[in-house]
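Observations on the model geometry
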Amino acid sequence: MGSIKVAINGFGTIGKRVADAVDAQPDMEVAGVTKTGPSFGCDLAAKKGFPLYCTSDSEQMISSFENSGYDCRGGISDLLGIADIVVDCAPGKLGSQNIEKYREIGIKHIFQGGEKHSLTEMSYTSCANHEENLNADCSRVVSCNTTGLSRTLVPLFNHCGSLRVECTMIRRAADPGDSNKGPINAIKPVLKVPSHHGPDLMTVAPGISINSLAVAVPTTIMHVHSIVADLPDGHGLSTESIIQLWRDTPRVIVMHGEENRITSTAEVMELARDIGRKWGDLHEIFVWQDGVKLDGNRLYYFQAIHQESDVIPENIDCIRAMMGTESDWKKSVSITDGAIDRYYSL
Ligand code: NAD
């Protein structure tokens with residue numbers, strides 16, 4: 001088939017990153033992006049040359065863009081009419097509204113982790129269930145936290161055949177661009193126990209038995225996971241071979257914290273800025289090598305997640321799976337990541 005035409009509904013934190021990642025791919029193009037109304041984000045769309053549409057079909061809303069000097073090509077229905085697939089990047093919990101429009105028009109659709117699995121009955125991470133998503137009509141790329149868990153736990157599970165996991169998600173309070181969230185001077189436990197994060201992993205990797213607790217802390221740059229995994233008898237692994245397993249896994253970076261003087265999320269984000277992707281993004285999950293320890297059958301480790309960006313390349317692989325153009329997840333990952341890195345001229 002020709003280039004896959006991708007609509008991006010919602011051009012915020014995730015949407016603008018997905019749009020760039022689509023634009024980078026050799027087999028995809030941005031059919032258009034949507035905004036609810038004129039705002040500074042429209043300038044970014046204009047600068048990138050992404051056709052701009054309105055999230056609604058209201059003539060009044062569409063003309064409000066024109067009145068503010070933006071070239072708006074039409075409403076969401078116009079955009080969905082010219083696209084092959086839509087990536088919904090609207091704020092969480094709007095999915096049940098937006099899905100009606102996608103079904104009515106009959107377009108394939110991908111939601112994000114702010115929606116529940118029950119909305120789509122299909123979820124996605126590249127390493128866990130790419131094949132299940134082949135030619136699917138709808139799916140959900142799981143949250144940044146669930147994606148992070150999948151990256152390191154799925155290869156372990158594939159080696160061991162079973163895993164029991166307990167983890168604590170130490171979550172950033174807000175994204176750097178948010179001014180309406182907190183806490184700013186407190187540690188806030190999620191009192192729904194277990195939190196949804198661990199169990200959400202089972203929507204893509206049902207063989208992993210996992211529970212999680214979560215706390216929000218006053219930082220905006222990353223999440224940290226503190227993970228305890230019980231491996232089955234006869235796993236045949238050592239601390240060193242687990243580290244090697246992750247080194248061989250796409251989109252996982254393992255580095256020695258003390259030796260490299262990279263002992264907190266602040267330095268990890270500085271490393272990300274050095275890599276040079278836009279917005280200082282880090283698509284990979286970061287594991288501190290010196291924080292990994294296998295004690296008998298029990299494995300302990302920490303990992304850091306750049307919440308705004310680890311899901312971005314996963315959306316690209318999910319598009320390929322649902323369009324049925326690449327059935328091998330590792331090949332898709334290689335195309336996606338190579339194209340993104342060339343795009344930002346690494
Ligand atoms: P955001 O608020 O930064 O951006 C959402 C965009 O959608 C905004 O531009 C908003 O104006 C627009 N919008 C509002 N109503 C809309 C509608 N009805 N239809 C389409 N667009 C609409 O939100 P975000 O952080 O980009 O989150 C988007 C989704 O991605 C959520 O499901 C969220 O849970 C998930 N997610 C967010 C992060 C993160 O760290 N920000 C990480 C992983 C997943």
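A brief look at the structure comes next. Since this is a predicted model, take the numbers as computed values, not measurements. (Residues numbered from 1 in each chain as written. Predicted model: local features only at pLDDT ≥ 70, side-chain atom pairs only at ≥ 80, totals over all residues. Heavy atoms only, no water.)

**A closer look at the overall build of the protein**
Let me state the cut-off plainly: Strands here are runs of E lasting at least two residues and helices are runs of H or I lasting at least four, both read from the DSSP assignment and numbered beginning at the N terminus. Here the globule rule reads 2.2 Å times residues to the power 0.38, and the radius of gyration is calculated from C-alpha atoms. A simple rule labels every residue: compare its accessible area, found with a 1.4 Å probe on the protein chains alone, to the largest value its type can have, and call it buried under 20%, exposed over 50%, or partly exposed in between. Accessible surface area values rest on a Shrake-Rupley calculation with a 1.4 Å probe, where residue burial reflects the displayed protein chains alone. Neither His nor the chain termini are counted; the positive set is Lys and Arg, and the negative set is Asp and Glu. Taken as the charge centre is NZ of Lys, CZ of Arg, CG of Asp or CD of Glu, depending on the residue.
Looking only at helices and strands, the protein has 14 helices and 15 strands in total. A compact globule built from 346 residues would reach a C-alpha radius of gyration of about 20 Å, and the protein, at 20 Å, matches this within 12%. Viewed in the frame of its principal axes, the protein has a C-alpha envelope of about 65 × 45 × 40 Å. Each of the 346 residues in the protein was classed as buried or not, and the buried ones make up 53%. When the accessible surface of the protein is split by element, carbon and sulfur atoms take 50% of a total near 14800 Å². When the 32 basic and 44 acidic side-chain charges of the protein are each reduced to a single mean position, those positions are 2 Å apart.

**Looking at the packing of helix α1 (residues 13-24) against helix α14 (residues 329-343)**
Geometrically, a packed helix pair is captured by the angle between its two axes and the distance between the axes. We apply this condition: The convention used is that axes are lines fitted to C-alpha atoms, helices contributing only their stretch in contact, and that angles between N-to-C directions extend from 0 to 180 degrees. Orientation categories follow fixed angle ranges, with anything under 35 degrees roughly parallel, anything over 145 roughly antiparallel, 65 to 115 roughly perpendicular, and all other angles oblique. Contacts were defined at the residue level, with two residues in contact if any of their heavy atoms lie within 4.5 Å.
Remark: α1 packs on α14, axes separated minimally by 8 Å, with the N-to-C direction vectors making an angle of 100°. Compared by their axis directions, α1 and α14 come out roughly perpendicular. Contacts between α1 and α14 involve Asp20, Ala21, Asp23 and Ala24 from the first element and Ala339, Ile340 and Tyr343 from the second.

**With respect to helix α10 (residues 239-247)**
Convention followed: Summarising the geometry, the arc corresponds to the directions from the helix axis toward the C-beta atoms.
Among the residues making up α10, those that are buried are Thr239, Ile242, Ile243 and Trp246. Seen along its axis, α10 keeps its buried residues to an arc of 100°; they face one direction. In the core, the buried residues of α10 are packed alongside α8 (144-160), β12 (252-255), β13 (285-288), β14 (293-295) and β15 (298-305).

**Considering the pairing of β15**
The line we're drawing: Between any two strands, at least two bridges found by DSSP are needed for them to pair.
Across 8 bridges, the pairing between strand β11 (residues 223-230) and β15 is antiparallel. Bridged to Val228 within β15 is Tyr300. Note: β13 against β15, 2 bridges, orientation antiparallel. Paired with Phe286 across the strands is Ala304, a residue of β15. Two strands pair when backbone bridges link them, and β14 and β15 are joined in this way by 3 bridges, in the antiparallel orientation. When the sheet's bridge partners are listed, Leu294 is paired in β15 with Leu299. Linking two consecutive strands that pair antiparallel, namely β14 and β15, is a turn of 2 residues; a positive phi of about 65° is found at Gly296 within it.

**What about the packing of helix α13 (residues 312-323) against α14?**
In plain terms, the rule: With the far helix as reference, a near helix turned anticlockwise by less than a right angle produces a left-handed crossing, and one turned clockwise produces a right-handed crossing. Think of it as three bins: nonpolar holds Ala, Val, Leu, Ile, Met, Phe, Trp, Tyr, Cys and Pro, charged holds Asp, Glu, Lys and Arg, and polar takes everything else, Gly as well.
With their axes 9 Å apart at the nearest point, α13 and α14 run at an angle of 130° to one another. By the angle between their directions, the pair α13 and α14 is classed as oblique. In the crossing of α13 with α14, the sense of the turn from one axis to the other is right-handed. Of α14, the residues touching α13 (which contributes Pro313, Ile316, Asp317 and Arg320) are Ser332, Val333, Ile335, Thr336, Asp337 and Ile340. When the residues that make up the contact of α13 with α14 are grouped by side-chain class, the tally is 5 nonpolar, 2 polar and 3 charged.

**Here we look at the pattern of salt bridges**
What counts, and what does not: Any Lys or Arg side-chain nitrogen found within 4 Å of a carboxyl oxygen on Asp or Glu counts as a salt bridge.
Applying the stated criterion across every chain yields a total of 20 salt bridges. When the shortest N-O distance is used, the salt bridge between Arg17 and Glu308 registers 3.7 Å. You can see Arg17 sitting in helix α1 and its partner Glu308 sitting in the loop between β15 and α13, a full 291 residues away along the chain. Taking the relative accessible area as the measure of exposure, Arg17 reaches 5% and is therefore buried. According to the relative accessible area criterion, Glu308 is buried, its value standing at 9%. For Arg273, the salt bridge identified is with Glu270, shortest N-O distance 2.9 Å.

**Section: the site of the ligand**
Quick note on the threshold: Nearness is judged by heavy atoms alone; a residue qualifies as near a molecule or strand once a single heavy atom is within 4 Å of it. Nitrogen and oxygen atoms within 3.5 Å of one another constitute a polar contact, given that in protein one can donate a hydrogen and the other can accept it, and given that sequence-neighbouring residues count only through two side-chain atoms. How far each domain reaches was decided by an automatic or database domain assignment.
Residues in close proximity to the ligand total 22 residues, the closest being Thr13, Ile14, Gly114, Asp175 and Gln307. At 3.1 Å, a backbone N or O of Gly114 approaches an oxygen atom of the ligand. Within the backbone of Gln307, an N or O atom sits 3.3 Å from an oxygen atom of the ligand. In isolation the ligand exposes 830 Å². Once the protein is present, 80% of that is buried. Per-domain counts for the shell around the ligand show at least three residues from each of domain 1 (4-142 + 311-344) and domain 2 (144-305).

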